[in-house]
Amino acid sequence: MIVLGIESSCDETSVAVYSSEKGTLCSRTFSQADIHASFGGVIPEVASRNHIQKIEPLYHACMKDAALTGMDLDIIGVTNAPGLIGALFVGVSFAKGLGYALHKPVVPVHHLAAHILAAELSYPDLKPPYTALIVSGGHTHIFDIDEALNFTLIGRTIDDAAGEVFDKTAKVMGGPYPGGIFIQNLAEKGNRHAVKFPQAFKGEIKFSFSGLKTAVMNTIQKEQFCLEDIAASFQWTVASTLADKTFQAASLFKRDKIVVGGGVAANQEIRRVFNERAESYENINVYFPEPARCTDNGEMIAYAAYRFYRFRNFLNYKGSAYDTKHSIGLL
Ligand code: KG4
Ligand code: ZN
């Protein structure tokens, strides 16, 4: 089966083709990060306009890379939720137009489900059941995924997402937007145990990062510690909080595999802490996709569409752009 994947939920326009026989045939992404950097965050209207400009050239370039025509496609997968509504409309409208013209089914893909399933692209033998942590600019959620691909939400943040805290911390330290890599680079030169930061909801499977954010700001203002030590201690606190709760969830559901996805999963300290933690848990293995598969990409959408195709929930033959029947219920 040959699947086109389209992603436009936030500030990346991305198109890819996945073949169930040969793997990923092509992948093209236009990141708007530099455009939004000057605003210090993503401006929805600007994002939509850039998606409109880029989506069609990216589709043609991608098909040329793979030496395919539209008629070679079997299905079209597109992110339909969650995300910026104007940005989603661009991808969904393009996918539906293409599906209509080519007479191909259009499979709606939940963005978080795709981030989770991205690990299966990196580890072909990996299949559910597993526990998944999704950490991005907008989400910090733990799911249980069973053999039948049912996603059950176990816990989530009650305020900021992990990526949001990385971005806001970078901002107060004078770094760019998005700030995850800036913090990671700064932290490399610091001591992760220099500052003791608070961890919310100890022992529970839910997150809160607003207290940590305030504690970091207060510590910066006091000027007792260098920024490198603050960045390293902040990053270690986020990493160990994420690991505590994800391993707790896996133990509770008796899962022996943990999958971590989303942009923040590219973080080296988070990978290190999870791998260290796995050594102290008998029978729990940890799976991180390569960093390029952690941030938003069309490849994960194509692959998720391939995995969801059997549910026969097509956007162009029934349902609407808002149909979440086989999504994980979070718009
Ligand atoms: O999944 P993603 O590309 O977009 C959303 O769906 O939000 O995630 C973007 C987030 C940003 O907050 C960015 O700062 C963060 O992922 N991020 C990182 C790293 N690379 C990206 N955070 C920490 N360490 C990184 N290396
Ligand atoms: Zn994402």
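Analysis parameters
Residues numbered from 1 in each chain as written. Chains lettered and ligands numbered in written order. Predicted model: local features only at pLDDT ≥ 70, side-chain atom pairs only at ≥ 80, totals over all residues. Heavy atoms only, no water. UniProt positions renumbered as here; feature names shortened; annotations may be inferred. Helix = DSSP H or I, 4+ residues; strand = E, 2+ residues; numbered from the N terminus. Buried < 20%, exposed > 50% of the residue type's maximum accessible area, 1.4 Å probe, protein only. Contact = heavy atoms within 4.5 Å. Domains from an automatic or database assignment. Buried area = accessible area lost by both parts, 1.4 Å probe. Salt bridge = Lys/Arg side-chain N within 4 Å of Asp/Glu carboxyl O. Polar contact = N/O pair within 3.5 Å; in protein donor to acceptor, adjacent residues only side chain to side chain. Nonpolar A, V, L, I, M, F, W, Y, C, P; charged D, E, K, R; others polar. Pairing = 2+ DSSP bridges.

Caption draft 1: Just the UniProt feature "binding site: substrate" (unreviewed entry) in the chain, in detail. Here the UniProt-annotated "binding site: substrate" (unreviewed entry) positions come out as Ile134, Val135, Ser136, Gly137, Gly138, Asp167, Gly180 and Asn267. Position of valine 135 among the secondary structure elements: in strand S6 (residues 130–135). Of the residues examined, valine 135 reaches a relative accessible area of 0% and is grouped as buried. Ignoring any residue separated from it by four or fewer positions in sequence, one finds valine 135 in contact with Thr140, Ala162, Leu242, Val260, Gly261, Gly262, Gly263, Val264 and Ala265. Positionally, asparagine 267 belongs in the loop between strand S9 (257–261) and helix H9 (268–280).

Caption draft 2: How the structure looks around the domain arrangement of the chain. Domain boundaries assigned for the chain yield domain 1 (2–115 + 294–311) and domain 2 (127–291). Relative placement of domain 1 and domain 2: their C-alpha centres are 27 Å apart. The interface of domain 1 with domain 2 comprises 16 residues on the first partner and 20 residues on the second. Roughly 1,400 Å² is buried in total at the junction of domain 1 and domain 2, and carbon and sulfur atoms are behind 68% of that figure. Where domain 1 touches domain 2, the interface holds 0 salt bridges. Remark: the boundary between domain 1 and domain 2 carries 3 residue pairs in polar contact (both at pLDDT 80 or more). Residue assignment for the side of domain 1 that touches domain 2 shows that the elements contributing at least two residues are helix H1 (33–37), helix H4 (111–122) and helix H11 (298–308). Each residue belonging to the side of domain 1 that touches domain 2 can be placed in one class, and the counts come to 10 nonpolar, 4 polar and 2 charged.

Caption draft 3: Summary view of the pairing of strand S3 (residues 23–31). Bridging between strand S2 (residues 12–19) and S3 involves 8 bridges; their strand directions are antiparallel. Considered in S3, the bridge of serine 14 is made with threonine 29. Linking S2 to S3, which pair antiparallel, is a turn of 3 residues.

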